[in-house]
Amino acid sequence: MATRRDVLKLAVVGGIVAAVPVEAAVAELTSTADPASATPFAAEMPVPTVLRPTSRTRDTDFYDIRMFDTTAEVIPGLVTGVRTYNGSFPGPTIRAARGRQVVVRHHNGLAVDTSVHLHGGHVPAGHDGHPMDLLKPGATREYHYPNAQAAASLWYHDHAHGLEAENVYRGLHASYVVTDEHERGLKLPSGKYEVELQLRDARIEQDGTLTFTRAQSRPHLLVNGRERPHFRVAARKYRFRVYNVSVDRFMSLRLADGGEFVQIGSDGGFLAAPVGLTELRLSAGERADVVVDFSRYKPGTSVVLQNTSALATENPDVLRFDVGFPAYDDSRVPPVLLAAAALPPATVERRFVLEWNAAQARYTINGQVYDPARVDVQAKLGTTEIWTVVNADAPAPAPNFHLNHNFHTHQTQFRVLDRNGVPVRPAEAGQKDVVMVAPGDTVRLALTWKNFTGRYVVHCHQLPHSDYSQMLEIEITA
Ligand SMILES: [Cu+2]
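About the criteria used
- Residues numbered from 1 in each chain as written.
- Predicted model: local features only at pLDDT ≥ 70, side-chain atom pairs only at ≥ 80, totals over all residues.
- Heavy atoms only, no water.
- 1 Å grid on protein atoms, 1.4 Å probe; cavity = no way out; pocket = protein on both sides within 12 Å on 5 of 7 lines; lining within 4 Å.
- Points joined across faces, edges and corners; volume = space filled by probe spheres on them.
- Helix = DSSP H or I, 4+ residues; strand = E, 2+ residues; numbered from the N terminus.
- Nonpolar A, V, L, I, M, F, W, Y, C, P; charged D, E, K, R; others polar.
- Buried < 20%, exposed > 50% of the residue type's maximum accessible area, 1.4 Å probe, protein only.

An unreviewed UniProt entry lists the chain under the name FtsP/CotA-like multicopper oxidase with cupredoxin domain, with Saccharothrix carnea as the source organism.

Printed below as a string of C-alpha cells:
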C-alpha cells in the first residue's frame, strides 16, 4: 500500500515537488506506539572518528567516502537503521588545514539521490553541493575544497532537493573542521580536550526504527549519535564545538547548575573576544565554539547539559558530564581572539520575506517557491550587499516549530548587523552562515561576494522548509 509519503517521494524523484507541506505529509506517518524509552545517561558519548586521508600530496589531502545504509546503536540494546557516510552515525570528521586543498571522492551506495554540501565552506560553485547537482545512486564524484578560509567548525551534509531533510535526519551529517596557524597560537584546549558535540533530535520506536516525523514527535535527543549519553571529563578546561545538526529544532542549552561557559566562536570562526554565557541558543545548522572549565566541580560530581527549549512533554536533559580528577592544563582563553576585518561599504540592498503560504501549501520567500530555472538574485563579484530578512509569520505557542525560520547563505558568510533595529549581541556578531529569524523578526545582514562566480542557493535552514521550497537561486557574475 502506498503511503502518502511514498507518493511524495515518487513525485520528488520524478522531478516535480509535490504540493504537500512536509509537516502535513509526515504527520500521518507518526506511529501511535510509544517511542522507545531509554535509561538517561546510560550510554557513553562517542567522539566522532577523524577520517584519514587515503593519500596526500604536497598541497592536497584526498579522502574516500561511501554513503550506505547500515545500523547503529542509538539507544542501548536497540538496532536502528541509519543512512551514513562511511558507516558511522554521525559521519566521520574531516580535519582540514587552511591552505591545504581537500578532495573528497564520494560514492553514493544508497538507493536515493544525494548532494554533498560543505556547509560554511567557501568553495567553487561546481563543488558546493547545489541541490540540483545530484549524486545519483551508484555514482561517484569528487568534491574539491580550497580551504582558503579561517579556522571554523564547518559541516558536510546532504542537500538533494526535496530529500535533504530526510537524508540529514537519517544520518547524512558530519563535521568538517578547518584549522589554521592563528588558532594554534591561541593555545586553546586541544587534542582530547577539544570535542565535537553534534546535537539533534530523533524518534526511535520500540523496535529501534528511526521514524522521520514532525519535531513535536521526536522526543529523543542525540549527542554524537547516542541518546542522552554521559561523557567523562577531567576537572579542567574543554573546548566543545557544538553543532545543531537537527533538521528544524531550535535549542537553548544551559548547564543545569546555571554555571557559566565561554563562547569563543560561531559558524564562521572565532569571535573578536570571548563572551561569557549561561545559555546558548542554536537554530538548525548553527554552531558555537565554547570552552567549559570543569575545574570548578568536585571530582566525582556531575553536571547535566539541558535544552530549555524542550517541549513540556519532553525530557530537557541532553548530556551528563561526569567530572573526574584534575588534569594538567596549560590551555587558556585569551582576551582577544580575532581582529575582525572592517566591512566594506555596501552598494546593494535587498529584502527577503520568509513566510508559510497557506494557499500554496508551501514555505515561500517573497511569495515564491524555489524554482531552479529562475535566478532570483543576480549579484556581482566583489560587491558588498545588505540584506533585510523578515519572518512574516506570527508567533504561535509551542509546538509550532514550523513558524520559526532561519536563513543560510552558500558561497559566502555574513555578519549580522541588527535584529529588529537593535545591534546583535557579541556572540552573534562574528562570521555567520545561519541566522535565526523568529516569528515577527527582521534581521539585517552584510555580505560580500568573493572569489567564485556561478550558481548557488540561499535558503531557510529549517530543512523541511528548504525542501518545500524556501530557497532562492543566486547567480554571481564577474
Ligand atoms: Cu523556514
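Having seen the model, we can carry on.
So what exactly am I meant to see when it comes to the layout of surface pockets here?
Once rolled over the atoms, a probe with the size of a water molecule shows which space is left empty. There is about 770 Å³ of room inside the largest pocket. Forming the boundary of the largest pocket are 36 residues, of which Ala341, Gln413, Arg415, Gln431 and Lys450 lie nearest the centre. Counting residues per element, the ones that place at least two in the lining of the largest pocket are strand 17 (269–277), strand 27 (414–419) and strand 31 (442–448). Top contributing element to the lining of the largest pocket by residue count: strand 17, with six residues. A per-class count over the lining of the largest pocket returns 20 nonpolar, 13 polar and three charged.

How do you make sense of unusual backbone geometry when you look at a structure like this?
At the junction of Phe89 and Pro90, the peptide bond is cis and its omega measures out at -5 degrees in the coordinates. Considering the arrangement of structural elements, one finds Pro90 in the loop between strand 3 (80–85) and strand 4 (94–97). Residue Ser469 follows Tyr468 across a cis peptide bond; omega there is 5 degrees. Looking at the secondary structure, you find Ser469 in the loop between helix 5 (463–467) and strand 33 (471–477). A positive phi is found at Asn86, a non-glycine position, where the angle reads about 60 degrees. Position of Asn86 relative to the elements: it lies in the loop between strand 3 and strand 4. Although it is not a glycine, Asn451 adopts a positive phi angle of roughly 70 degrees. Relative to the helices and strands, Asn451 resides in the loop between strand 31 and strand 32 (454–459). Judged by relative accessible area, which is 58%, Asn451 ranks as exposed.

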